[in-house]
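# Observations on the three-dimensional arrangement
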Amino acid sequence: MKARRRLASLVLAGLLAGCAQHATDDNTLTFWTIGREGEAITQLLPAFERENPQIQIRLQQLPLSAAHQKLLTAFAGDSLPDMTQLGNTWMPEFVALHALEPLQSRVAASSVIRPDDYFPSIWATNVYAGQLYGVPWYVDTRLLFYRSDVLRAAGFQAPPQDWAQWRRMLAALSHPQQGRYGILLPTNEYEQLMSLALQQPDSLLRDGGRYGNFESAGFKRALAFYVDTFKLQQAPAITNVEAGNPWSEFGHGVYDFYFSGPWNIGEFRQRLPAAEQDDWNTAPLPGPDGPGASVAGGSSLVIFRHATHKEAAWKLIQYLSRPDVQQQFYDLLGDMPPRRSSWAGGHLHDDPKALAFREQLERVKPTPAVPEWERIANEMQLVAAQAVAGNLSIDQAAAEIDRRADRILEKRRWVLAHTPLPTEEQP
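Residues numbered from 1 in each chain as written. Predicted model: local features only at pLDDT ≥ 70, side-chain atom pairs only at ≥ 80, totals over all residues. Heavy atoms only, no water.

## Notes on the overall build of the protein
Across its full length, the protein carries 20 helices and 15 strands. Its C-alpha atoms give the protein a radius of gyration of 22 Å, near enough to 22 Å, the size a compact globule of 427 residues would have. By its C-alpha atoms, the protein is 65 × 50 × 35 Å across when sized along the principal axes. In the protein, buried positions account for 57% of the 427 residues. The long-range fraction of contacts in the protein, counting pairs at least 24 apart against all pairs at least 6 apart in sequence, stands at 77%. In the form shown here, the protein has an accessible surface area of approximately 18000 Å², with 49% of it arising from carbon and sulfur atoms. Positive and negative side-chain charges in the protein, numbering 40 and 47 respectively, have mean positions lying 4 Å apart. (Helix = DSSP H or I, 4+ residues; strand = E, 2+ residues; numbered from the N terminus. Rg over C-alpha atoms; globule rule 2.2 N^0.38 Å. Buried < 20%, exposed > 50% of the residue type's maximum accessible area, 1.4 Å probe, protein only. Contact = heavy atoms within 4.5 Å. Areas by Shrake-Rupley, 256 points an atom, 1.4 Å probe, with all protein chains shown as cover. Lys, Arg positive; Asp, Glu negative; His and termini not counted. Charge placed at Lys NZ, Arg CZ, Asp CG, Glu CD.)

## Things to note about the packing of aromatic side chains
Scanning the entire structure with this criterion turns up 18 aromatic pairs. When the ring of Tyr118 is compared with that of Trp123, the centres are 4.8 Å apart and the planes differ by 55 degrees; the resulting orientation is tilted. Of the residues examined, Trp123 reaches a relative accessible area of 11% and is grouped as buried. Between Tyr226 and Phe230 the ring centres are 5.2 Å apart and the planes differ by 70 degrees, which places this aromatic pair in the edge-to-face class. A residue pair is termed a helical-turn pair when its members lie 3 or 4 positions apart in one helix, as Tyr226 and Phe230 do in helix α11 (residues 217-231) at four residues. Relative accessible area serves as the criterion here: at 7%, Phe230 is assigned to the buried category. Above the ring of Trp32, the side-chain terminus of Lys70 is found at 5.3 Å from the ring centroid. Positioned over the ring face of Trp280 is Lys353, at 4.2 Å from the centre of the ring. (Phe/Tyr/Trp six-rings, centres within 6.5 Å; stacked < 30°, edge-to-face > 60°. Lys NZ or Arg CZ within 6 Å of the ring centre and 35° of its normal.)

## Comments concerning helix α15 (residues 323-333)
All of the buried residues in α15 are Val325, Gln326, Gln327, Phe329, Tyr330 and Leu333. Tucked into the core, α15 has its buried residues touching α2 (37-41), β6 (135-140), α14 (310-320) and α16 (346-349). Directly after α15, the chain includes Gly334, whose backbone phi takes a positive value near 85 degrees.

## Some words on the nonpolar core
Counting 76 residues, the largest nonpolar core has Trp166, Phe214, Tyr226 and Phe257 as the members making the most contacts within it. Beyond its immediate sequence surroundings of up to four residues, Phe214 is in contact with Leu204, Leu205, Phe219, Lys220, Trp373, Ile376, Met380, Ala398, Ile401, Asp402 and Ala405. In this structure, Phe31, Leu45, Leu103 and Leu316 belong to the second largest nonpolar core, which totals 32 residues. (Core = buried A, V, L, I, M, F, W, Y, C linked by side-chain atoms within 4.5 Å.)

## A closer look at unusual backbone geometry
One non-glycine residue, His98, lies in positive phi territory at about 60 degrees. Examined against the element boundaries, His98 turns out to sit in the loop between α5 (91-96) and α6 (104-108). For His98, a relative accessible area of 14% gives the class buried. Of note in this structure, Gln233 is not a glycine but carries a positive phi near 60 degrees.

## What to know about the environment of Asp406
With respect to the element layout, Asp406 can be found in helix α19 (residues 394-408). For Asp406 and Pro102, which are 304 residues apart along the polypeptide, the C-alpha to C-alpha distance reads 30 Å. Apart from residues no more than four positions distant in its own chain, Asp406 is found in contact with Tyr211, Gly212 and Arg413.

## Observations regarding the sheet that holds strand β11 (residues 255-260)
Strands pair in a sheet through their backbones, by hydrogen bonds, and they do so in one of two ways: parallel or antiparallel. What the four strands build is an open sheet, ordered β8-β11-β7-β12; its pairing is mixed. Where the open sheet ends on each side, the last strands, each with one partner, are β8 (181-184) and β12 (280-283). Pairwise comparison of adjacent strand axes, ignoring direction, gives a mean angle of 20 degrees for this sheet. Examined bridge by bridge, strand β7 (residues 143-147) and β11 share four bridges and lie antiparallel to one another. Each residue of the ladder has a partner; that of Leu143, found in β11, is Ser260. (Pairing = 2+ DSSP bridges. Axes fitted to C-alpha atoms, helices over the stretch in contact; angles between N-to-C directions.)

## Some points on the sheet that holds β6
If you trace the five strands from one edge of the open sheet to the other, you get β2-β1-β3-β14-β6, paired in mixed fashion. Of all strands in the sheet, those with a lone pairing partner are β2 (56-62) and β6, marking the two edges. Neighbour to neighbour, the strand axes of the sheet diverge by 20 degrees on average, direction disregarded. Summarising the sheet, β6 and strand β14 (residues 297-303) pair through five bridges and their orientation is antiparallel. Looking at β14, one finds that Tyr138 is bridged to Ser299. Against the sheet, helix α4 (residues 64-76) contacts β1 (28-34), β2 and β3 (83-87), and its axis sits at roughly 135 degrees relative to β1.

## Quick notes on helix α20 (residues 410-418)
Taken together, the buried positions of α20 are Arg412, Arg413, Val415 and Leu416. One side of α20 holds all its buried residues, which, seen down the axis, span an arc of 165 degrees. Facing away from the buried side of α20 by more than 90 degrees, the exposed set consists of Ala417 and His418. (Arc of directions from axis to C-beta.)

## Points about the side chain of Ser174
By the element assignment, Ser174 lies in the loop between α9 (163-173) and β8. Relative accessible area serves as the criterion here: at 10%, Ser174 is assigned to the buried category. At 3.0 Å, the side chain of Ser174 forms a polar contact with the backbone nitrogen of Gly182. When near neighbours in sequence (up to four residues on either side) are disregarded, Ser174 contacts Arg180, Tyr181, Gly182, Gln233 and Gln234. (Polar contact = N/O pair within 3.5 Å; in protein donor to acceptor, adjacent residues only side chain to side chain.)

Below is the structure:
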């Protein structure tokens, strides 16, 4: 217990206290949602409440910008809800704080949730030291949106399968003197470089997440491919703010590839004219030597360890995990389901623009399972931008990312050296 408190004090240092206590109505399940999912779920809850009239739900919608701090301050003030959605990059932090209820025994007894129906790497983002702490709710990954008409006009009948093909296409499609580029890669977004790095055999961290591994041959290969795309003027060295309206620019042929996620299916359909809807498509990421992996992102449903309504929370998790409900969720929001069976029917099954995501989800990899990962990824991108600008060589950039990562992980190394993390304890 003392070790756990020491860890909590380290993680929470510098945070402001004062999260309001949630109500403790014995008949009411408290559920915190984050961002736009909170709006969509209100349309799914009436059916659950009709099936479970004895359960009342108090739903609180947190803005994404404030959610992480509010969850941590609620933990510090012992005012967490019964359940919440939790992004898989935040999961290691709350596991380390011993804040989450283990769910393995509940899943084993469930007739609704079948682990073998989930994309394996997505399910794995919820497992720590052999114990399950969350059930995937929706998935997110990155792949290519591309102008199929432009590729055909340039003599390419299919999207790239490997980096060599991709480079040839980018070279043929890029005409920087005319303001046209093969791809948009905003220099302030880390997901693109991270996805390329996850395609490598080398892990991004080493020694149990104690040190960076960015000087590995694999990461430097990914970084070199990324930086060369700018040096060859196949992508403009601009941020997403400078890019303006990427959907319009894509439609006007300024960019022929766009490296992004599933929400942009809806955006392109809304923003491009009807006459141009057949001119674009999606494709899985090419890898160094063939079809490549991408990032295993998304959000899961968790129950907090000190929740007062665990049985009601589990019933809601099972309901939201049903394939028919996940299909409704996709229709409402475009969030893609983590279960293969949920792709077997509904609009998702018949959507040609979504097929590449279904294929990509069989080839995804999780990010390193350490609480500090998002900070490290941001530093990775800041240094990569310096390499793009020509201020650092690939070797210098890799060494600098390792230096910054090791500094961020210093506290983790101290904790691991002095006390076992909850993930190393038996539940």
